[in-house]
Each structure stands twice: as structure tokens, then as C-alpha cells.
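# Descriptive analysis of the structure
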Amino acid sequence: MADYPQTVLEFRDWFTSEQACRDYLVQLRWPGGVRCPDCASEKVWTMTPPFYRCQGCGYDFTVTAGTLFADTHKPLRLWFEAIWYVTNQKSGASALGVKRVLGLGSYRTAWNWLHKLRRAMVRPSRDGLAGVVEVDETFIGAPEPGKRGRGAGGKTLVLIAAQAEGRRIGRIRLARIVDASAASIEPAIRQAIEPGSRIQTDDWNGYCGLESLGYRREVIRSTAELGENLLPRANRVASLLKRWLLGTHQGAVRPAHLDYYLDEFTFRFNRRTSASRGLLFYRLMQQAVAVRPVLGKDLIGGKRVPSTTDRG
Ligand SMILES: [Zn+2]
């Protein structure tokens, strides 16, 4: 049996009840059998569904404890519908779309759900980009570029790293940075790109220290003639990102929330060639049971709560 439904009819057949949804989560979360989330003991009693009790420490828990679905007051079936819908929207789902399709009472709920899902789109530790990687920055929400070395002047600066795959774009990483100084750029690059990689940039001095961080830097000098095509992959990603923000979200992205939109864009972009949308559903489900729960109040300020576990 496949690990995920291939079509919407299969999806409906698989998840006909809360129990069916829980069984699916159990398989994803504990492929080797139910474990206590607290002490990791494998000696667990099955109580009245949905509860389990740890024989070691006495902890009562459910399969959603400690996951994105923890403490939800809505049926899991509705969450599954939301994830199916979100992963099947080729260009991304808006809160309004989620509200409409699921019949949720409030826009606020739909918005919260989308943001929880976006958090699940980024695995705590991912392989960095490698090989040849183009790096550039772009301003979001700005008609014209601001001053590079100084603060972004109210606009948001995003670092783009795009791996080359032949002449095409391989995987990407995006990171919001406060300015284009080396102090801001370097940590973002270290998180996104494996040491030893060849990094192509323009001649901006914010990239001068890359060699000392273990990268090979290749400066693609800017000339007026070549313009935007100097770093074609990074530039292409920048324009796709801007178009996506404008199209799907009507540009209504507050800078404080931009991190999550960047995560969603990256998730979709890096899986854009997936033949099966079902596989996208499966990946997001896997990651949803691997992340810590997010409280509503954590979303409002747009702060990222780091995950302490990595099962990805
Ligand atoms: Zn225990």
C-alpha cells in the first residue's frame, strides 16, 4: 500500500473518520510502534481512543501531543482537508481560499491554520545547497532598490541562494536579512550553503569574507549591458517570489510574517517537479507530526519558535 493517497477520491476513501486520521498519524510519527513522547518508552498501553498511557512514566498522551495538531478543537479530518487543499494548490493557498473551501467560521482561523502549516514546511535541519550556487539579495515590497549597505529603510531584504543544476535552477534557500552587510549575509549563507561550494555573486563587498568561511567565491562583475542576467537563477527566483506574493497574497504580507511566506515558497519551489501532489501532502504530514505545536500568540508577533527536535 502506498504511503499517501494519489487522488482526491482516494483521499476521501482513506480518511473517513477521526480514527482513520489518527491511525495515519501514528504510522507517520511512530513507524516502529507507539512511543511515549515524554520518556521515549516503547511500553505503552492503548486506552480509550485517542489515549495512550506510558507504562514507564504514567504519561497519558495522544498521537497529536507535541505536534502541529496538538490542542486543536477542530476535527483532524478538517485539518487533513486543509493540508490536501494547500498542497494541491499549485501556486499556494490564501487564507480566504482555505476559509471558503473548508467552511471555516472565521478568516482568523484560516489564517492561523495556514501559518501553522507553513511552519511545518521547513524541516529543522535540511541539507544545505552545494556545488555552484548563485547568491543575491532582493527587496520585497519596494518599487525601487534602496541603499544596500545600510538598513533596508522599511523595506524587507531577502537573501536568495539558488543552486545550479546544469543551466536550470536546482534547490533554493531564502532568508530575510536586516541589511546587506557581511555581518547579516554571512550567517544566512552558512545556514543555507555547504562549505566548499562555489558561490557566484556580484562584486558587492558584503560577500568579501566568503573565502574565509570555507567557500569559493566567484565574482560576476556587473556591467550595464548585461544588467539583470548576471545571476540569472537568483534573479529568476526573485521575480517568481515577487509575483507569487502579489498574485496569491495580493501583496498583503506584513514584513513580520515574511519568514513564513518564504518558507512556503521554498517548500513549493523545491518540490515543483514532484509528479505527485499526493507526495507533497505526505511530506507536509510527515513534517506536521515532527514539529512542536505553535501557540496562536506566537504567530502574531511573527516570531519563529525554534524546534528542539529533529526527526526530519
Ligand atoms: Zn513515558
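Thresholds, definitions, all that
- Residues numbered from 1 in each chain as written.
- Predicted model: local features only at pLDDT ≥ 70, side-chain atom pairs only at ≥ 80, totals over all residues.
- Heavy atoms only, no water.
- Helix = DSSP H or I, 4+ residues; strand = E, 2+ residues; numbered from the N terminus.
- Buried < 20%, exposed > 50% of the residue type's maximum accessible area, 1.4 Å probe, protein only.
- Contact = heavy atoms within 4.5 Å.
- Areas by Shrake-Rupley, 256 points an atom, 1.4 Å probe, with all protein chains shown as cover.
- Donors = N, O, S within 2.8 Å, 3.2 Å for Na, K, Ca; no water.
- Core = buried A, V, L, I, M, F, W, Y, C linked by side-chain atoms within 4.5 Å.
- Phe/Tyr/Trp six-rings, centres within 6.5 Å; stacked < 30°, edge-to-face > 60°.
- Lys NZ or Arg CZ within 6 Å of the ring centre and 35° of its normal.
- Pairing = 2+ DSSP bridges.
- pLDDT = per-residue confidence, 0-100.
- Axes fitted to C-alpha atoms, helices over the stretch in contact; angles between N-to-C directions.
- Nonpolar A, V, L, I, M, F, W, Y, C, P; charged D, E, K, R; others polar.
- Salt bridge = Lys/Arg side-chain N within 4 Å of Asp/Glu carboxyl O.

Turning next to the overall build of the protein chain. Of the regular secondary structure elements, the protein chain holds 10 helices and 8 strands. Every one of the 312 residues in the protein chain was classed for burial, and the buried ones make up 47%. A sequence separation of at least 24 residues applies to 58% of the contacts in the protein chain between residues at least 6 apart. As displayed, the protein chain offers around 16,000 Å² of accessible surface, 50% of which is attributable to carbon and sulfur atoms.

Further remarks concern the coordination of the zinc ion. Protein ligation of the zinc ion involves C36 (SG), C39 (SG), C54 (SG) and C57 (SG), the donor distances falling in the range 2.2 to 2.3 Å. Donor residues for the zinc ion sit on one chain with the sequence pattern C-x2-C-x14-C-x2-C.

Let us look at the nonpolar core. One finds F69 and F80 to be the most contacted residues of the largest nonpolar core, which totals 68 residues. Here this core takes 8 residues from helix 3 (residues 76–88), the largest share from any one element. Beyond its immediate stretch of four places on either side in the chain, F80 contacts F11, F15, C21, Y24, L25, F281 and M285. Counting residues in hydrophobic clusters, the runner-up holds 19 residues, among them L129, F139, I193 and W204.

So, about the packing of aromatic side chains. One pass over the full model with this rule turns up 22 aromatic pairs. Measuring from centroid to centroid gives 5.6 Å for F11 and F281, while their planes differ by 90°, and the two rings are edge-to-face. Within this pair, whereas F11 is found in helix 1 (residues 8–14), its partner F281 is found in helix 9 (residues 277–288), the two being separated by 270 residues in sequence. Residues F11 and F281 agree in their burial class; the two are buried. The residue whose ring lies beneath R272 is F269, and the NZ or CZ to ring-centre distance is 3.9 Å.

The buried count for strand 4 (residues 132–140) comes to 8 of 9 residues, which makes it a mostly enclosed element. Pairing between strand 4 and strand 7 (residues 198–201): 3 bridges, direction parallel. Paired with V132 across the two strands is R198, which belongs to strand 7. Pairing analysis gives 8 bridges linking strand 4 to strand 5 (residues 156–165), with the strands arranged antiparallel. From the neighbouring strand, E137 faces strand 5, where its bridge partner is L159.

Do not read the predicted coordinates in detail wherever pLDDT is low. For the protein chain, mean pLDDT is 84; residues scoring 70 or higher make up 82% of the total. For the protein chain, per-element mean pLDDT is lowest for helix 10 (residues 296–300), which scores 50, and highest for strand 1 (residues 44–46), which scores 97. Considering only residues more than four positions removed or in separate chains, one finds that residues 300–312, a stretch of pLDDT under 50, has 29 contacts.

What follows concerns the packing of helix 2 (residues 18–29) against helix 3. Packing of helix 2 against helix 3 brings their axes to within 8 Å, and their N-to-C directions diverge by 60°. Where helix 2 abuts helix 3, its residues E18, C21, R22, Y24 and L25 lie against L76, R77 and F80. For the contact of helix 2 with helix 3, a count of residues per class yields 5 nonpolar, no polar and 3 charged.

This brings us to the environment of P50. Here P50 shows up in the loop between strand 1 and strand 2 (52–54). The exposure class of P50 is partly exposed, given its relative accessible area of 26%. A C-alpha to C-alpha distance of 9.8 Å links P50 and D23, two positions 27 residues apart in sequence. Ignoring sequence-local partners within four residues, the contact set of P50 consists of R22, F61 and T62.

Okay, the pattern of salt bridges next. Once the charged atoms of two side chains with opposite charge are near each other, the side chains can pair. In the structure shown here, the tally under the stated rule is 8 salt bridges. One salt bridge in this structure joins D60 and R53, with 2.6 Å as the shortest N-O distance. Of the charged contacts, one joins R176 and D259 as a salt bridge, the two residues approaching to 2.9 Å between their closest N and O atoms. With R176 in strand 6 (residues 168–177) and D259 in helix 8 (residues 258–270), this pair connects stretches of sequence that are 83 residues apart. What makes R176 partly exposed here is its relative accessible area of 37%.

Take unusual backbone geometry next. The omega torsion of the bond from P49 to P50 falls at 5°, within 30 degrees of zero and hence cis. Residue A40 is not a glycine yet carries a positive backbone phi of 70°. With respect to the helices and strands, the residue A40 is situated in the loop between helix 2 and strand 1. What makes A40 partly exposed here is its relative accessible area of 39%. Although it is not a glycine, D71 sits at a positive phi angle of roughly 60°. Here D71 is to be found in the loop between strand 3 (60–61) and helix 3. By relative accessible area, which is 65% here, D71 ends up exposed.

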